[in-house]
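# Descriptive analysis of the structure
The residues making up each chain are set out below.
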Amino acid sequence: MAQATLTVNLGAICDNWRALAARSQSETGAVVKANAYGLGVEQVSQSLAHAGARQFFVAVADEGAALRRALGRGPEIYVFSGHMNGDTATIRDHQLTPLINSIDQMLRHVEALPGQPFGLQLDTGMNRLGMEPSEWSALRDIALAQAPRLVMSHLACADEAHHPMNNHQLQAFREMTEGIEAPRSLAATGGILLGAGYHFDMTRPGIGLYGGLPFAEAKPVIQLHIPVIQTRALEPGETVGYGNTFVAQRPMRIATISAGYADGLLRAMGPRAQLVSGGQYCPVAGRVSMDLIGVDITDLAHEPETLELIGPHQGVDLLADWAGTIGYEVLTSLGARYNRVYLAS
Ligand SMILES: *Cc1c(COP(=O)(O)O)cnc(C)c1O
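Residues numbered from 1 in each chain as written. Predicted model: local features only at pLDDT ≥ 70, side-chain atom pairs only at ≥ 80, totals over all residues. Heavy atoms only, no water.

Here we come to the overall build of the protein. What the protein contains, in helices and strands, is eleven helices and 19 strands. By principal-axis analysis of the C-alpha atoms, the protein measures approximately 75 × 40 × 35 Å. Per-residue burial for the protein yields a buried fraction of 52% across its 345 residues. Pairs at least 24 residues apart make up 63% of the contacts formed inside the protein by residues separated by at least 6 positions. For the protein, the accessible surface area stands at approximately 15100 Å², while carbon and sulfur atoms represent 49% of it. Within the protein, one finds 24 positive and 33 negative side-chain charges whose respective centroids are separated by 3 Å. (Helix = DSSP H or I, 4+ residues; strand = E, 2+ residues; numbered from the N terminus. Buried < 20%, exposed > 50% of the residue type's maximum accessible area, 1.4 Å probe, protein only. Contact = heavy atoms within 4.5 Å. Areas by Shrake-Rupley, 256 points an atom, 1.4 Å probe, with all protein chains shown as cover. Lys, Arg positive; Asp, Glu negative; His and termini not counted. Charge placed at Lys NZ, Arg CZ, Asp CG, Glu CD.)

Attention now goes to the site of the ligand. Taken together, the neighbourhood of the ligand is formed by 14 residues, with Lys33, Tyr37, Thr189, Ile207 and Tyr328 sitting nearest. Within the contact set of the ligand, an oxygen atom lies 2.7 Å away from a backbone nitrogen or oxygen of Ile207. In the environment of the ligand, an oxygen atom lies 2.6 Å from a nitrogen or oxygen atom belonging to the side chain of Tyr328. Coverage of the ligand by the protein amounts to 92% of the 390 Å² it exposes when considered alone. (Near = heavy atom within 4 Å. Polar contact = N/O pair within 3.5 Å; in protein donor to acceptor, adjacent residues only side chain to side chain.)

Moving on, we come to the domain arrangement of the protein. Considered domain by domain, the protein is made up of domain 1 (11–210) and domain 2 (222–343). The C-alpha centroid of domain 2 is placed 37 Å from the C-alpha centroid of domain 1. On the side of domain 2, nine residues touch domain 1, which itself brings nine residues to the contact. Summing both sides of the interface, domain 1 and domain 2 together bury roughly 780 Å²; the carbon and sulfur share of this comes to 66%. Contact with domain 2 buries area across many residues of domain 1, yet Tyr37, Leu39 and Ile207 alone supply 57% of it, more than any other trio. Here domain 1 and domain 2 share two residue pairs in polar contact (both at pLDDT 80 or more) between them. Here the residues of the side of domain 1 that touches domain 2 sort into five nonpolar, four polar and no charged. (Domains from an automatic or database assignment. Buried area = accessible area lost by both parts, 1.4 Å probe. Nonpolar A, V, L, I, M, F, W, Y, C, P; charged D, E, K, R; others polar.)

Spelled out as structure tokens, the structure:
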């Protein structure tokens, strides 16, 4: 079989959730947007629910519908994009809780679904989603009178512990929510690590559950093993792959492995990337193609059947470094062609 195997350790995800929960006194939710950061929303959310998570977050209403089918009734499902035009039936039929981002959304929600739960999203400086202070002062009393389930905002720089933006947003959030009774939430993974002052009533970790930075102590969650389709010997001067970018400087053995950028293995990783076999590192040789990658296995004493790209030796953040991106993008780029194996929690 030429299909690569992506192993997702659901137990490690639950352990990471518990470890983040243990860092705060507040309730710990779980962000499972984008198919649980590419790892499989059904399996991930069911495991987290089993571990005790009761509050889930997705980006758009359709994701909420899929999540409700996975979780059944009971857990709360918040939608960051709020109540968009066309979302009403989805929100109603799947009992979703939109996080209202504007006066327009608030009007839409109370007109279309009076009495249905909602939360409120405030902009404390990121200028991405949520009500700005002026809009908020106009709506505040009316909105709070309808008992929002949650009042939240999002930090722009929480992965940098000493960034002045963190305290700036914390003060803005405090001012905008002073004296309210509704539960409050400010911290995602980075915010949890900033300390108790940022935790309020609920935290919303995403990346930390999936083993990514800034939660450096996270347990690794995924492994990716890619089958070797062919190996060949090269004479000095022979080349590998598109564009002849790799030229053998010595007699070499090259393995061609069965995955590429169509599987989310970012082409930009290029020659910085390496794979692992039996604890030994094997550098990528030449460009990453759509479905194939050449790997220098000259120094291996054995003929590998598969090579490991992600695992205990190298995690998603190292791959991200090679490609000049972040672990979030490596995870959410993982493609649809993998044979996905779930290790039960
Ligand atoms: C994605 C997201 C989160 C989770 O962030 P992580 O950095 O992955 O923990 C939390 N809140 C909001 C509003 C988000 O968009």
